[in-house]
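Structural overview
Here is how the chains run, residue by residue.
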Amino acid sequence: MASWNKPTYHRRLFLWLLVYSWTMVLCFAAFQYHRERRFKAEELNSRLQILNKSLLAETDHADTAFRFDSLPAIEGLRVSVIDLQGRVIYDNSLDSLPAENHLEREEIAGALAKGSGYTIRRHSESTGETYFYSARKGNECIVRTAVPYSVSLRILLQADYGFLWFMIGVTSVMSLLGYFATRRVGLHVSRLNRFAEKAERGERIFDTDPFPHDELGDISNHIVRLYAQLQEAIADRDRQHRLALHEEQEKIRIKKQLTNNINHELKTPVAAMQVCLETLMTHKELAPEKRDEFIARCYANSERLKNLLADVSLITRMDDGGDAIAKNEIDLQEVIADVCDEYALAARNKNVALVDAVSEPLPVLGNATLLASVFRNLLDNALAYSGCRRIEIRLLASDENIISLSVADDGCGVAEEHLPRLFERFYRVDKGRSRQAGGTGLGLSIVKNAVLWHGGNITVENRSGGGLLFHLTFMKK
């Protein structure tokens with residue numbers, strides 16, 4: 001019972017349909033009932049009018065005294081003659097004529113106005129009975145016939161109720177069909193209402209139960225899909241926001257780590273330079289050979305410090321997005337050839353064969369300085385730490401979008417546990433040896449960031465025959 005206190009849309013719609021249908025049927029039934037009753041009354045009036053017409057014909061030949069000897073054998077038939085002033089001048093049912101004027105009688109007024117008239121049911125004060133009256137106007141008088149309003153006449157004038165029961169049956173079937181039709185619409189609306197409530201609460205909605213395939217169902221499915229797409233867009237936005245926030249936090253962490261590492265890396269050359277300078281200042285009597293040795297150490301550490309600052313500046317610019325780094329159309333093959341020419345002497349001094357196997361133009365949109373730093377750092381590492389006898393740069397593949405290259409040496413390689421961390425900043429496989437060689441610990445990190453800045457990727461692995469193999473890819477545009 002509680003659910004009816006606040007009817008659902010289905011129940012309200014069905015109730016309105018029910019009220020509309022039954023109101024229409026009842027109005028039609030009432031109209032048809034009165035129409036059929038009037039038709040039967042007019043049919044009875046037509047029969048009596050035929051009699052009235054024949055009686056009027058007799059009155060035209062009659063004298064002052066009316067005698068209707070040829071009246072039909074109708075049980076209880078009453079015949080009255082009324083003059084045009086409304087006085088009754090003849091009545092076969094009365095011994096004495098009534099004195100009241102009959103112009104106000106409905107059938108008399110109708111006869112005077114239209115030539116004929118009738119009254120379905122009226123009680124007669126003269127006889128004390130109820131009659132059906134039918135009147136017709138002649139040239140000098142009005143003839144009125146009446147039959148008693150008995151049970152048989154009442155039944156005759158009643159409308160046929162068969163059509164009414166038929167209409168009730170049809171309307172009942174229509175109401176049942178209307179219930180299922182409005183129930184279907186109501187279910188649509190109820191589902192949309194539940195969807196709206198969930199959407200208002202911001203709940204995730206998955207379109208796993210589609211609406212039926214009709215106009216309202218298609219609209220509902222479209223609304224749900226739009227909301228699901230909106231939710232997905234919001235979720236993507238939130239993911240992107242979280243990812244951007246994570247990247248920003250990661251940049252901050254890396255910068256802090258870089259600052260700490262730079263601080264740590266700067267201490268070594270600065271401390272070495274300070275010791276050398278203090279020795280030179282304190283011991284002025286040092287032999288020229290020793291003095292030159294300390295000066296050479298200061299110079300070497302100052303060079304290391306300069307390289308470190310240059311690397312830090314470069315990697316910081318790339319971390320900031322590289323917006324200040326210009327891009328131009330360049331030939332990567334020429335960049336590689338220039339770097340190989342630059343390191344040719346150093347390679348010969350160490351008895352290393354430096355092979356440039358890239359012989360075709362490789363147009364890319366990038367920065368020549370960054371690309372040169374990639375191959376300089378790879379050759380620096382190979383010459384300084386690998387102990388190799390051969391370094392080879394080879395073109396693996398080139399198509400419309402991607403250039404694939406390899407840089408390989410036949411040196412000692414690197415233990416497998418170090419490979420995943422080779423591109424980390426300031427990571428060294430052998431810290432003492434790296435510092436002695438003047439390395440900053442940022443070379444391979446610069447390589448990776450420069451390759452990524454050009455839209456490519458770099459990986460490293462140990463060769464089966466010894467040494468390292470770097471696999472590089474670059475985007476052409």
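Up top is the structure.
Below, the structure is looked at part by part. Quick caveat, the model's predicted, so the values are computed rather than measured.

Another point: the packing of helix H9 (residues 368–386) against helix H11 (residues 443–453). Packed helices, taken two at a time, are described by their axes: the angle between them and the distance between them. The N-to-C vectors of H9 and H11 enclose an angle of 145°; their axes lie 9 Å apart at closest approach. As for how H9 packs across H11, the hand of that crossing is left-handed. Residues Leu-370, Ser-373, Val-374, Asn-377, Leu-378 and Asn-381 of H9 pack against Gly-443, Leu-444, Ile-446, Val-447, Ala-450, Val-451 and Trp-453 of H11. Partitioning the contact of H9 with H11 into residue classes produces nine nonpolar, four polar and no charged.

Let us now look at the packing of helix H8 (residues 332–349) against H9. Relative orientation of the contacting elements H8 and H9 amounts to 35°, with a least axis distance of 9 Å. As for the relative orientation of H8 and H9, their crossing is right-handed in sense. Between H8, through Leu-332, Val-335, Ile-336, Val-339, Glu-342, Tyr-343, Ala-346 and Ala-347, and H9, the contact on the second element is made entirely by Ala-368, Leu-371, Ala-372, Phe-375, Arg-376, Leu-379, Asp-380 and Leu-383. Of the residues contributing to the contact of H8 with H9, the split by class is 13 nonpolar, no polar and three charged.

Bringing H8 into the picture now. Between its terminal C-alpha atoms H8 stretches 26 Å, which fits the 26 Å expected from 18 residues at 1.5 Å a residue. Tyr-343 marks where H8 bends most, by close to 45°. Among all positions in H8, only Leu-332, Gln-333, Val-335, Ile-336, Ala-337, Val-339, Cys-340, Tyr-343 and Ala-347 are buried. Capping the start of H8 is the job of one residue whose side-chain oxygen sits 3.0 Å from the backbone nitrogen of Gln-333: Asp-331.

With mixed pairing, the five strands of this open sheet are ordered in space as E7-E9-E10-E12-E11. Of all strands in the sheet, those with a lone pairing partner are strand E7 (353–356) and strand E11 (457–462), marking the two edges. Direction aside, neighbouring strands of the sheet carry axes that sit 15° apart on average. Here H8 sits on the sheet in contact with E7, strand E9 (390–398), strand E10 (402–409) and strand E12 (468–475), set at roughly 170° to E7. On top of the sheet, H11 reaches E11 and E12; it is set at about 140° to E11, its chief contact.

Turning to the side chain of Glu-392, a few remarks are in order. Tracing the sequence through the fold places Glu-392 in strand E9. A relative accessible area of 17% places Glu-392 in the buried class.

Thresholds applied
Residues numbered from 1 in each chain as written. Predicted model: local features only at pLDDT ≥ 70, side-chain atom pairs only at ≥ 80, totals over all residues. Heavy atoms only, no water. Axes fitted to C-alpha atoms, helices over the stretch in contact; angles between N-to-C directions. Helix = DSSP H or I, 4+ residues; strand = E, 2+ residues; numbered from the N terminus. Left-handed = near helix turned anticlockwise from the far one by under 90°. Contact = heavy atoms within 4.5 Å. Nonpolar A, V, L, I, M, F, W, Y, C, P; charged D, E, K, R; others polar. Expected span 1.5 Å × (residues − 1). Bend = angle between axes of the 7 residues up to and from the residue. Buried < 20%, exposed > 50% of the residue type's maximum accessible area, 1.4 Å probe, protein only. Polar contact = N/O pair within 3.5 Å; in protein donor to acceptor, adjacent residues only side chain to side chain. Pairing = 2+ DSSP bridges.

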